[in-house]
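Listed below, chain by chain, are the residues.
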Amino acid sequence: MAGAGFDDFVRSRSTGLLRVAYLLTGDRHAAEDLLQEVLEQMYVRWRRIEGAPEAYARKALVNRATNRWRWRARRPETPLGAEHERAGRDHGDDVAIRAAVLDALRDLPPRQRAAVVLRYLDDLPVHEVAEALGCTEGTVKSNSSRGLDRLKQVLGPSLVTDGGER
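Residues numbered from 1 in each chain as written. Predicted model: local features only at pLDDT ≥ 70, side-chain atom pairs only at ≥ 80, totals over all residues. Heavy atoms only, no water.

Enquirer: Run through the packing of helix α6 (residues 110–121) against helix α8 (residues 137–155), naming residues and quoting values.
Expert: Orientation of α6 relative to α8, taken along the N-to-C sense of each, is 95°, at an axis distance of 8 Å. As far as their axial angle goes, α8 and α6 are roughly perpendicular. Residues Arg111, Gln112, Ala115, Val116, Arg119 and Tyr120 of α6 lie in contact with α8, whose contacting residues are Val140, Asn143, Ser144, Arg146, Gly147, Leu148 and Leu151. Each residue belonging to the contact of α6 with α8 can be placed in one class, and the counts come to 6 nonpolar, 4 polar and 3 charged. (Axes fitted to C-alpha atoms, helices over the stretch in contact; angles between N-to-C directions. Helix = DSSP H or I, 4+ residues; strand = E, 2+ residues; numbered from the N terminus. Parallel < 35°, antiparallel > 145°, perpendicular 65-115°, else oblique. Contact = heavy atoms within 4.5 Å. Nonpolar A, V, L, I, M, F, W, Y, C, P; charged D, E, K, R; others polar.)

In structure tokens form, the structure reads like this:
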């Protein structure tokens, strides 16, 4: 079994990984489910995970989130009470901005969304994002650029900055 090393990993990194899962899914409950699935997978494979377990976890989160998007594309879900949910929101500026950003992220294609989330919201360098997504650095830069351009169109340039290249 995994033991203390896995327990330490979960205690130290679960909050950051939940944040990534939330940004990938756009829903707190779906993010918790996604992270739980990945942590279960990692627990079983803990001794065989080579390299940095956090990188493995990020890659697994992206892959599972992508699989969920594919599944939803085949079987679109119908939100229950979406009108009621909007009416009950606090209308503070921060909440409105957060909701707009999450909506805009949801509208991005899965690879662009993953690249933007990992690159700019999880603040990873290009080579780590490429490793997590299983693609080249050029593909990460291309997906990030297209994703940011789309976010700028939807949200306006004042809310979206590229954070500079590393």
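Enquirer: Quick one: what's the story with helix α1 (residues 4–25), residue by residue and with numbers?
Expert: For α1, spanning 22 residues, the distance from its first C-alpha to its last is 29 Å, which sits close to the expected 32 Å at 1.5 Å a residue. Arg13 marks where α1 bends most, by close to 55°. Looking at α1, one finds that the buried residues are Phe6, Phe9, Gly16, Leu17, Leu18, Val20, Ala21, Leu23, Leu24 and Thr25. Count one or two residues on from α1 and you reach Gly26, which has phi positive near 80°. (Expected span 1.5 Å × (residues − 1). Bend = angle between axes of the 7 residues up to and from the residue. Buried < 20%, exposed > 50% of the residue type's maximum accessible area, 1.4 Å probe, protein only.)

Enquirer: I'd like a rundown of the packing of aromatic side chains, residues and numbers included.
Expert: Taken as a whole and judged by the stated rule, the model has 3 aromatic pairs. Their ring planes at 70° and their centres at 5.2 Å tell us that Phe6 and Tyr43 sit as a pair that is edge-to-face. Of the two residues, Phe6 is situated in helix α1 and Tyr43 in helix α2 (residues 28–45); the sequence distance between them amounts to 37 residues. Relative accessible area serves as the criterion here: at 33%, Tyr43 is assigned to the partly exposed category. (Phe/Tyr/Trp six-rings, centres within 6.5 Å; stacked < 30°, edge-to-face > 60°.)

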